[in-house]
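# Structural features, examined
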Amino acid sequence: VFTFNANSREFTLASSLNYEAVKTYEIVVKVEDPSQASANQAITVSILDVNEAPVLTGQTFAIEEDSRVRINLALYTTDPDTGRAIFTWTIDSEVPSIDNFAISSNGELHLAPNKTLDFENCEMHEVVVRVVDGWSTLPDSAGQDRVPSGDLSDTATFIIDVVDINDIGFVSIDGNNFVTRGGE
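Structural notes, computed from the coordinates.

Calculation notes
Residues numbered from 1 in each chain as written. Predicted model: local features only at pLDDT ≥ 70, side-chain atom pairs only at ≥ 80, totals over all residues. Heavy atoms only, no water. Helix = DSSP H or I, 4+ residues; strand = E, 2+ residues; numbered from the N terminus. Contact = heavy atoms within 4.5 Å. Patch = residues over 30% accessible without salt bridge, like charges linked within 9 Å, V, L, I, M, F, W, Y side chains within 5 Å. Areas by Shrake-Rupley, 256 points an atom, 1.4 Å probe, with all protein chains shown as cover. Salt bridge = Lys/Arg side-chain N within 4 Å of Asp/Glu carboxyl O. Lys, Arg positive; Asp, Glu negative; His and termini not counted. Charge placed at Lys NZ, Arg CZ, Asp CG, Glu CD. Core = buried A, V, L, I, M, F, W, Y, C linked by side-chain atoms within 4.5 Å. Buried < 20%, exposed > 50% of the residue type's maximum accessible area, 1.4 Å probe, protein only. Pairing = 2+ DSSP bridges. Axes fitted to C-alpha atoms, helices over the stretch in contact; angles between N-to-C directions. Phe/Tyr/Trp six-rings, centres within 6.5 Å; stacked < 30°, edge-to-face > 60°. Lys NZ or Arg CZ within 6 Å of the ring centre and 35° of its normal.

## What to know about the side chain of D79
For D79, the position within the fold is in the loop between strand 8 (77-78) and strand 9 (85-95). Every residue in contact with D79, bar those within four places of it in the chain, is listed here: E52, A53, P54, A85, F87 and D133.

## Side note on a nonpolar patch on the surface
Judged by side-chain polarity, V1, L13 and L17 come together as a nonpolar surface patch covering roughly 230 Å² of accessible area. Looking at the element boundaries, L13 is found in strand 2 (residues 10-13).

## Regarding a negative patch on the surface
A cluster of acidic residues, D66, E120, E123 and D164, forms a negative patch on the protein surface. Here E120 lies in the loop between strand 11 (108-111) and strand 12 (124-135).

## Observations regarding the environment of F87
The topology assignment puts F87 in strand 9. Taking C-alpha positions, F87 is 8.1 Å from G107, a pair spaced 20 residues apart along the chain.

## Topic: the nonpolar core
Counting 19 residues, the largest nonpolar core has L73, F101, L109, L117, V129 and F158 as the members making the most contacts within it. Among the elements that make up this core, the one with the highest residue count is strand 13 (residues 152-163) (four residues). Dropping the residues within four chain positions of it, F158 is found in contact with L56, T57, G58, Q59, F61, L73, Y76, L109, H125, E126, V127 and V129.

## A few points about the sheet that holds strand 7 (residues 70-72)
The pairing of strands in a sheet happens through backbone hydrogen bonds and is either parallel or antiparallel. Pairing within the open sheet is antiparallel, and its three strands lie in the order 7-11-10. Looking at strand neighbours, the two that pair on one side only are strand 7 and strand 10 (101-103), the edges of this open sheet. Strand-to-strand twist across the sheet, computed as the mean angle between neighbouring axes with direction ignored, equals 20°. Sheet topology places strand 10 next to strand 11; three bridges connect them, and they run antiparallel. Residue pairing in the sheet places I103 in a bridge with L109 of strand 11.

## Regarding the packing of aromatic side chains
Counted by the stated rule, this structure contains five aromatic pairs. A ring pair is formed by F2 and Y25, whose centres lie 5.5 Å apart and whose planes are at 85°; its orientation type is edge-to-face. Taken together, the residues span a long stretch of sequence, with F2 in strand 1 (residues 2-5) and Y25 in strand 3 (residues 24-32) at a distance of 23 residues. Since its relative accessible area comes to 25%, F2 is described here as partly exposed. With a relative accessible area of 18%, Y25 lands in the buried category. Between F4 and F11, the aromatic rings sit 4.9 Å apart at their centres with planes inclined by 50°, giving tilted as the arrangement. The rings of F61, Y76 and F158 are connected pair by pair, giving a single aromatic cluster. The ring of Y19 has K23 sitting right over it, with the charged end atom 4.8 Å from the ring centre.

This is the structure we're talking about:
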């Protein structure tokens, strides 16, 4: 991970560091004088944690019309800071309109109040969701408070393909007349 340049007497990184993989490194430095007398000294390098961006993976769902929609967005969200990130999801945009869906405080994408899936009105909905990871102030494994580095985000598209079902026919009674209507 580290290389040492004897001419400049500097350590440099040979590869990137990842706090979630390795939190500390120990380097043993050996010094030797012209008479070949030497000494060893251990140096501990502690890696500081930084906030990494979450990843939201879009999905496509086939859902029958008139069904409830409940999509747990946490199942499609990952973050290297697992256990420390606090996620918030919002809707960035919707096709055909922005008021058909909502996201609850627990990260569930669902139909907005008084909205239904109706194949005859719209065969597909595209919902662009944004996830933001809040930077937790919980101490890290070394007991050090994290230094906030700003909330990071990602977006993904969730597609709801509405599956057509046979609409139930009904009978309307108007006085002595019976009018029968079949399903669409």
